[in-house]
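What follows is each chain in one-letter form.
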Amino acid sequence: MHLNMAASEKQLQIVKSSGEKAVFSFDKLRASLKKSGAGDEVVDGILDKIREELYQGISTREVYNRAYALLKKEQGVYASKYKLKKALYELGPTGFPFERFIAAVLSYSGYKTKVGAVVRGHCVHHEVDVLAEKNGQAIMVECKFHGDAARKCDVKVPLYIHSRYQDIKIQWNGDGTKLPLAAGWVATNTQFTSDAIDYGRCVGLYLLSWDYPANDALKDRIDRLGLYPLTVSDLLSAREKEYLLGRDVVLLRQLYKEPHLLDHMGASEGRKRKILKEIKALCIP
């Protein structure tokens, strides 16, 4: 049975990707739609349509898919921004594109980065996902990619990464020939459990996830800098995305700077202009 009354909305149960049930929040849906850049009139219209289609036990995926389809009808750029969370999952399945993505985000924040470096620790050698340098200091970043929204990084992840960081730091800073290793990071496309966050705070490990830390989480950095992964675009086919990811192109900004790659993929001039116009609207202030 569909719910059409405001009173019923307060009791509507929605099923999250983890299988948990929660009370549906129109305020949260409104906020996420607004974040796409859509105006109040567009957002209100979408909410009205979704309100008519809600039912007890509807999944978050169903609500997302409907909101996405309605945004796409209004304007593709809105839909691309709204798709951001899902687009990060599409950087899989190996996780290597996600490492490249994190390196690219850091690069646009002024870091000099290197992906997949093998470094010597005090006890053993380690392959580090991302090494980054800025302001006379170095950081090491380990990336934990999950293709399933229900999976979170629990406390075992920062425990393991912190032990690796300590082993590398002893050797690295004792060497005397490198910039001082100042911090260890863990970056994930999903979320951290509360224990993982508590442990990270306790030992001084910097955690970066979809929604943490507040106001400087991965989603905030992407929106603030216009660093959208190419997987947000519906104008690119799955084959084209695979081609670009295979050439270490993970950001739409990169494709905008290297439009000849669209020629290599056989895009017509008209389609090429359309793709570049969307990227400019989405990524370039």
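What counts, and at which threshold
Residues numbered from 1 in each chain as written. Predicted model: local features only at pLDDT ≥ 70, side-chain atom pairs only at ≥ 80, totals over all residues. Heavy atoms only, no water. Pairing = 2+ DSSP bridges. Helix = DSSP H or I, 4+ residues; strand = E, 2+ residues; numbered from the N terminus. Axes fitted to C-alpha atoms, helices over the stretch in contact; angles between N-to-C directions. Polar contact = N/O pair within 3.5 Å; in protein donor to acceptor, adjacent residues only side chain to side chain. Contact = heavy atoms within 4.5 Å. Phe/Tyr/Trp six-rings, centres within 6.5 Å; stacked < 30°, edge-to-face > 60°. Buried < 20%, exposed > 50% of the residue type's maximum accessible area, 1.4 Å probe, protein only. Salt bridge = Lys/Arg side-chain N within 4 Å of Asp/Glu carboxyl O. Patch = residues over 30% accessible without salt bridge, like charges linked within 9 Å, V, L, I, M, F, W, Y side chains within 5 Å. Areas by Shrake-Rupley, 256 points an atom, 1.4 Å probe, with all protein chains shown as cover. Lys, Arg positive; Asp, Glu negative; His and termini not counted. Charge placed at Lys NZ, Arg CZ, Asp CG, Glu CD. Parallel < 35°, antiparallel > 145°, perpendicular 65-115°, else oblique. Left-handed = near helix turned anticlockwise from the far one by under 90°. Nonpolar A, V, L, I, M, F, W, Y, C, P; charged D, E, K, R; others polar.

Novice: Give me the sheet that holds strand S6 (residues 137-144): which residues, what numbers.
Specialist: Each strand in a sheet pairs with its neighbour through backbone hydrogen bonds, running either in the same direction (parallel) or in the opposite one (antiparallel). On the basis of which strands lie adjacent, the open sheet formed by five strands has the order S4-S5-S6-S8-S10 and mixed pairing. Of all strands in the sheet, those bounded by a partner on one side alone are strand S4 (112-120) and strand S10 (206-208). Averaged over all neighbouring strand pairs, the angle between strand axes comes to 35°, with direction disregarded. In this structure, strand S8 (residues 181-188) lies alongside S10, joined through three bridges in parallel fashion. Its bridge partner being in S10, Trp-185 is matched across the sheet by Tyr-206.

Novice: Tell me about the side chain of Asn-189, and name the residues and values.
Specialist: Structurally, the position occupied by Asn-189 is in the loop between S8 and strand S9 (191-192). Within the structure, the side chain of Asn-189 is placed 2.7 Å from the backbone oxygen of His-146, a separation counted as a polar contact. Discounting chain neighbours no more than four positions away, the residues touching Asn-189 are Leu-88, Tyr-89, Phe-98, Lys-144, Phe-145, His-146 and Trp-210.

Novice: Help me get a handle on the packing of aromatic side chains, residues and values and all.
Specialist: Each aromatic ring pair is described using two quantities: the centre-to-centre distance and the angle formed by the ring planes. Scanning all chains against the criterion turns up six aromatic pairs. Taking 5.9 Å as the distance between ring centres and 45° as the angle between the ring planes, the aromatic pair formed by Phe-98 and Phe-145 counts as tilted. With Phe-98 in helix H7 (residues 96-107) and Phe-145 in the loop between S6 and strand S7 (152-153), this pair connects stretches of sequence that are 47 residues apart. Accessibility assignment for this pair places Phe-98 and Phe-145 in one class, buried. Ring centres of Tyr-111 and Trp-185 lie 6.5 Å apart, and the angle between their planes is 75°; on these two criteria the pair is classed as edge-to-face. You can see Tyr-111 sitting in the loop between H7 and S4 and its partner Trp-185 sitting in strand S8, a full 74 residues away along the chain. Residue Trp-185 is classed as buried on the basis of its relative accessible area, which comes to 8%.

Novice: Break down the pattern of salt bridges for me, citing the residues and quoting the values.
Specialist: Scanning all chains against the criterion turns up 17 salt bridges. Here Arg-221 makes a salt bridge to Asp-216, at a shortest N to O gap of 3.1 Å. Accessibility expressed as a relative area gives 9% for Arg-221, which makes it buried. Judged by relative accessible area, Asp-216 falls into the partly exposed class, the value being 25%.

Novice: Tell me about unusual backbone geometry, and please be specific about residues and values.
Specialist: Omega for the bond connecting Gly-92 with Pro-93 falls within 30 degrees of zero, at 5°, which places this linkage in the cis form. Examined against the element boundaries, Pro-93 turns out to sit in the loop between helix H6 (84-89) and H7. In the Ramachandran plot, Asn-135 falls in the positive-phi region, its phi being about 55° despite a non-glycine side chain. Mapped onto the elements, Asn-135 comes out in the loop between strand S5 (125-134) and S6. Accessibility expressed as a relative area gives 71% for Asn-135, which makes it exposed.

Novice: Could you give an account of the pairing of S5, naming the residues involved and the relevant values?
Specialist: For S4 and S5, the ladder comprises eight bridges, and the chain directions are antiparallel. Looking at the pairing, Lys-112 lines up with Glu-133 of S5. Pairing of S5 with S6 involves five bridges; the strand directions are antiparallel. Its bridge partner being in S6, Leu-131 is matched across the sheet by Met-140.

Novice: Can you lay out a positive patch on the surface for me, pointing to particular residues and giving the numbers?
Specialist: Residues Lys-16, Lys-28, Lys-85 and Lys-152 make up a contiguous surface patch of positive charge. Structurally, the position occupied by Lys-16 is in the loop between strand S1 (13-15) and strand S2 (21-23). You can call Lys-16 partly exposed: its relative accessible area is 40%.

Novice: Tell me about the sheet that holds S2, residues and numbers included.
Specialist: An order of S2-S1-S3 is seen for the three strands of this open sheet, with the pairing classed as mixed. Each end of this open sheet is capped by a strand with a single partner; those strands are S2 and strand S3 (58-59). The pairing of S1 with S2 spans three bridges and is classified as antiparallel. Considered in S2, the bridge of Ile-14 is made with Ala-22.

Novice: Describe in detail the packing of helix H3 (residues 40-53) against helix H4 (residues 60-74), supporting the description with residues and values.
Specialist: Between two packed helices, what matters for the description is the angle formed by their axes and the separation of those axes. Close contact between H3 and H4 brings their axes to 10 Å; oriented N to C, the two are set at 140°. As far as their axial angle goes, H4 and H3 are oblique. When the axes of H3 and H4 are compared, the crossing they make is right-handed. Contacts between H3 and H4 involve Val-42, Ile-46, Lys-49, Ile-50 and Glu-53 from the former and Val-63, Arg-66, Ala-67, Leu-70, Leu-71 and Glu-74 from the latter. Classifying every residue of the contact of H3 with H4 gives seven nonpolar, no polar and four charged.

Functional significance is not addressed by these values, which are geometric in nature.
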